[in-house]
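Residues per chain are reported as follows:
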Amino acid sequence: MEPNNRVLFVDDDQEFLNSVVRSLRGKFDVATCPAPKEALVMSRGKSPFAVVVSDYRMPELDGIQYLNLMRQAFPASERILLTGYPAVDVAVNAVNSAKVHSILIKPCPMDIIEAEIQSAMQKYNATCLEKEIHWTALEKLNNQIKQTMFTIKREVRERSDDIQRLVALLRKVLAAKDLYTVIHSVRVSDLAVSIMKKLNYSEASVHFIAIAGLLHDIGKIYVPSELLYKADRLSSTELELVRYHVQAGYDLLSTVKIEPVILTAIFQHHERLNGSGYPLQIRGAAIIDEAQVIAVADMVEATANDRPYRSGLGIDFALKELEKCSDITFRKNIVDACISLFVDDQYRFDIKDAYGVSPQYKTVNSVR
């Protein structure tokens, strides 16, 4: 990546702009403009300025208003405010509204202005380089994901004649990538089945929910392992990649013969009654009960037990959090049934699976 050394000065004092050009030409790629509205027009359709320096008192728009508009149009650019009217409210507005890199008081020596521009420019270019490296890595991962999807879909189509064989295949594929998700899915399936039985659903519905629980996170086959195990906060791009597992799972299972209710439950298991879920932000009656059952079981298991990136918070905490969600994100009857299982029926998570259990994923069995 070639460093960007473009800097724009906006000031209605033409003499000051002339002095800027004389002093900084050769050190930066300097552009000047005497009017903020004109500066907004000249910035469009061109590569962004690394740094924008604006006077505060100007006709039409003041410096904070102008820099705020520039922030919205070119959020990566660094902004510096020049003002001959130092005041606390000006500084607060500049920081809160325009998110300026620094505030310089006029008259300001040119060497100070140059040093601040250099500092802001280094920050801009470092951020751009980090983003370029990040996007290059994501592009590589995306290509790997596409190849994985192609291979798995081919294998799935060849084994789609028998749902049990299909489930066994997909669990083995997922276990090879992420044993935690397999263990989590077994627990979610078992709890979801218990909730459905407590709510007196039919035997067929219980059978379908068992399969949906086992496969609800199958789309994580396509999510880079480093994101599933990352302890630090995910960036917005990384979060979108993780959330992609819902669509990926749906796309994979849509290629085979599977009961529609199973497919819908898997696709909707991250949707919420109040519309705060994903991927479609649907709400209320648009979400089927089976998806809500999987969602409740998913939330309780993931909260109570260990995650790859944190220790389990315990079943007491999980049930309290679940209660807070009643009739907001989850249907009350499903929440009540789940809580009753643990409190009244002494339900406990267990894990007895052919793939074995990694010792770090202990079961949390305390109850309030």
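Analysis parameters
Residues numbered from 1 in each chain as written. Predicted model: local features only at pLDDT ≥ 70, side-chain atom pairs only at ≥ 80, totals over all residues. Heavy atoms only, no water. Helix = DSSP H or I, 4+ residues; strand = E, 2+ residues; numbered from the N terminus. Contact = heavy atoms within 4.5 Å. Areas by Shrake-Rupley, 256 points an atom, 1.4 Å probe, with all protein chains shown as cover. Buried < 20%, exposed > 50% of the residue type's maximum accessible area, 1.4 Å probe, protein only. Core = buried A, V, L, I, M, F, W, Y, C linked by side-chain atoms within 4.5 Å. Polar contact = N/O pair within 3.5 Å; in protein donor to acceptor, adjacent residues only side chain to side chain. Pairing = 2+ DSSP bridges. Phe/Tyr/Trp six-rings, centres within 6.5 Å; stacked < 30°, edge-to-face > 60°. Salt bridge = Lys/Arg side-chain N within 4 Å of Asp/Glu carboxyl O.

Enquirer: Summarise the overall build of the protein chain; cite the residues concerned and give the values.
Expert: Summing up its helical and strand segments, the protein chain has 14 helices and five strands in all. Here the contacts in the protein chain between residues at least 6 apart in sequence split such that 66% fall between residues at least 24 apart. As presented, the protein chain carries roughly 17800 Å² of accessible surface, and 52% of it is formed by carbon and sulfur atoms.

Enquirer: Now, about the side chain of Ser-189: what can you tell me, with residues and values included?
Expert: Its place among the elements puts Ser-189 in helix 7 (residues 179–198). Residue classification places Ser-189 among the buried positions, given a relative accessible area of 7%. Ignoring anything within four residues of it in the chain, the contact list for Ser-189 reads Ile-209, Ala-210, Gly-213 and Leu-214.

Enquirer: Could you give an account of the nonpolar core, with specific residues and numbers?
Expert: Within the largest apolar cluster, 50 residues are counted, with the highest numbers of intra-cluster contacts made by Leu-191, Ile-195, Val-300, Leu-322 and Phe-342. Sorting the residues of this core by element identifies helix 6 (163–177), helix 7, helix 8 (203–215), helix 10 (236–253), helix 11 (260–268), helix 12 (289–304), helix 13 (315–324) and helix 14 (332–343) as the ones contributing at least two each. Examining the composition of this core, we find that eight residues originate from one element, helix 12, more than from any other. Beyond its immediate sequence surroundings of up to four residues, Leu-322 is in contact with Val-296, Met-299, Val-300, Phe-330, Val-335, Cys-338 and Ile-339.

Enquirer: Could you give an account of the environment of Lys-320, naming the residues involved and the relevant values?
Expert: Looking at the element boundaries, Lys-320 is found in helix 13. Lys-320 gets classed as partly exposed once you look at its relative accessible area, which sits at 49%. The spatial distance from the C-alpha of Lys-320 to the C-alpha of Val-300 is 9.9 Å, given a sequence separation of 20 residues.

Enquirer: Describe the side chain of Arg-187, and please don't skip the residues or the numbers.
Expert: With respect to the helices and strands, the residue Arg-187 is situated in helix 7. By relative accessible area, which is 1% here, Arg-187 ends up buried. One polar contact links Arg-187 to Glu-301, side chain to side chain, over a distance of 3.0 Å.

Enquirer: Quick one: what's the story with the pairing of strand 3 (residues 51–55), residue by residue and with numbers?
Expert: Of all five residues in strand 3, five are buried; the element is thus mostly enclosed. Going residue by residue along strand 3, you find Val-51, Val-53 and Asp-55 tucked away on one face and Val-52 and Ser-54 tucked away on the opposite face as well. Taken together, the four bridges between strand 1 (residues 6–10) and strand 3 define a ladder with parallel strand orientation. The residue of strand 3 that forms the bridge with Val-7 is Val-51. Summarising the sheet, strand 3 and strand 4 (residues 78–83) pair through five bridges and their orientation is parallel.

Enquirer: Now, about the packing of aromatic side chains: what can you tell me, with residues and values included?
Expert: A full pass over the atoms with the stated rule returns five aromatic pairs. Pairing Tyr-250 with Phe-267 gives two aromatic rings, centres 4.6 Å apart and planes at 45°, and the pair type is tilted. In this pair, Tyr-250 sits in helix 10 while Phe-267 sits in helix 11, placing the two residues 17 residues apart along the sequence. In this structure Phe-267 comes out as buried when scored by relative accessible area, which is 14%. Geometrically, the ring pair formed by Phe-342 and Tyr-347 is edge-to-face, given 5.1 Å between the ring centres and 80° between the ring planes. Grouping residues by exposure puts Phe-342 and Tyr-347 together as buried.

Enquirer: Can you lay out the pairing of strand 5 (residues 102–105) for me, pointing to particular residues and giving the numbers?
Expert: Alternating residues of strand 5 divide into Ser-102 and Leu-104, all buried, and Ile-103 and Ile-105, none buried. Of the pairings in the sheet, the one linking strand 4 to strand 5 comprises four bridges and is parallel in character. Looking at strand 5, one finds that Ile-80 is bridged to Ser-102.

Enquirer: Talk me through the pattern of salt bridges; I want residue IDs and the actual numbers.
Expert: Following the criterion strictly, the structure yields ten salt bridges and no others. Where Asp-345 meets Lys-198, a salt bridge forms, and the shortest distance between an N and an O atom there is 2.8 Å. Of this pair, Asp-345 sits in the segment after helix 14 while Lys-198 sits in helix 7, and the two are 147 residues apart along the sequence. Under the relative-accessibility criterion, Asp-345 is labelled partly exposed at 42%. You can call Lys-198 partly exposed: its relative accessible area is 32%. One salt bridge in this structure joins Lys-324 and Glu-321, with 2.9 Å as the shortest N-O distance. Pair noted here: Lys-324 and Glu-321 are both in helix 13, with a separation of three residues, about one helical turn. Taking the relative accessible area as the measure of exposure, Lys-324 reaches 55% and is therefore exposed. Residue Glu-321 is classed as partly exposed on the basis of its relative accessible area, which comes to 23%. Shared partners join several salt bridges into a network, and the residues in it are Asp-11, Asp-55 and Lys-106.

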